[in-house]
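Structural overview for review
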Amino acid sequence: MNSWLPIVFVFVLGLSFVLLTIVFRSIVVAATSIALNLLSVGAAYGLVILVFRHGIGSGLLGFQRVDAIEAWVPLFLFSVLFRMRSNAIRATNGAVLAPLAAS
């Protein structure tokens, strides 16, 4: 699983960069989206390590401390966070573009 993680990251981020560049016709928007996606994934990975590996806040949230994170968790977390980010971008663009289409 660890050998697939960089390949999936590069594929997803590269494809999203190309598609966002085509759709918005702006490299800045695409690069910003990729950077924010990496920032949110990094923050989520850090929180997972902090809570589950180091046990910080695990009593408050009712989680147990573990010795190792399962191999599928980083890939699954990346996929879920990327999809959530895509939905947020779509919702934001719809909210911004709807009044323009009505006028």
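Predicted, not measured: the structure shown is a model, and the values here were computed from it. (Residues numbered from 1 in each chain as written. Predicted model: local features only at pLDDT ≥ 70, side-chain atom pairs only at ≥ 80, totals over all residues. Heavy atoms only, no water.)

**Quick word on the overall build of the protein**
Rule in force here: Numbering of helices and strands runs from the N terminus, with a helix taken as a DSSP run of H or I at least four residues long and a strand as a DSSP run of E at least two residues long. For each residue, the accessible area found with a 1.4 Å probe, counting protein chains only, is set against the maximum for its type, and the residue is called buried under 20%, exposed over 50%, and partly exposed in between. By definition in these notes, contact holds between two residues if any of their heavy atoms fall within 4.5 Å. Throughout, the Shrake-Rupley method with a 1.4 Å probe supplies accessible areas, and for residues the shown protein chains are the sole cover considered.
The helix and strand tally for the protein stands at four helices and zero strands. Going from the N terminus to the C terminus, the protein shows its helices and strands as α-α-α-α. Residue burial in the protein is summarised as follows: out of 103 residues, 18% are buried. Summarising the internal contacts of the protein: among those between residues at least 6 apart in sequence, 54% fall at separations of at least 24. Of the roughly 7400 Å² of accessible surface on the protein, a fraction of 74% belongs to carbon and sulfur atoms.

**Re the confidence of the model for the protein**
For clarity, the threshold we go by: Per-residue confidence from the predictor is given as pLDDT, running between 0 and 100.
Here the protein shows a mean pLDDT of 77. Residues at 70 or above account for 80%. Averaged pLDDT values for the elements of the protein fall to 65 in helix α4 (residues 72-102) and rise to 85 in helix α2 (residues 27-53).

**Digging into the packing of aromatic side chains**
The criterion, for reference: Aromatic contacts are taken between Phe, Tyr and Trp rings whose centres are within 6.5 Å, Trp giving its six-membered ring; a plane angle under 30 degrees counts as stacked, one over 60 as edge-to-face, and the others as tilted.
Scanning all chains against the criterion turns up two aromatic pairs. With 5.0 Å between their ring centres and 45° between their planes, F52 and F63 make a pair best called tilted. On the criterion of sequence distance, the pair formed by F52 in helix α2 and F63 in the loop between α3 (58-61) and α4 is long-range, its members being eleven residues apart. Note on W72 and F76: the rings are 5.8 Å apart at their centroids and 70° apart in plane angle, and the pair reads as edge-to-face. Separated by four residues within a single helix, W72 and F76 lie in helix α4, roughly one turn from each other.

**A look at α2**
Counted only if it meets this: Under the convention used throughout, the expected extent of a helix is 1.5 Å for every residue step, that is, one less than its residue count. Within 3.5 Å is the distance limit for a polar contact, defined as a pair of N or O atoms, with the added protein rule that one can donate a hydrogen and the other accept it, and that residues adjacent in sequence qualify only through two side-chain atoms.
Across its 27 residues, α2 extends 38 Å between first and last C-alpha, which sits within 8% of the 39 Å expected from 1.5 Å per residue. Residues of α2 that are buried: A30, S33, I34, N37, V41, A44, V48 and V51. At the N-terminal boundary of α2, the capping side chain belongs to S26, with an oxygen 3.4 Å from the backbone nitrogen of V28. Where α2 ends, the next residue or the one after it, G55, has phi of about 80°, a positive value.

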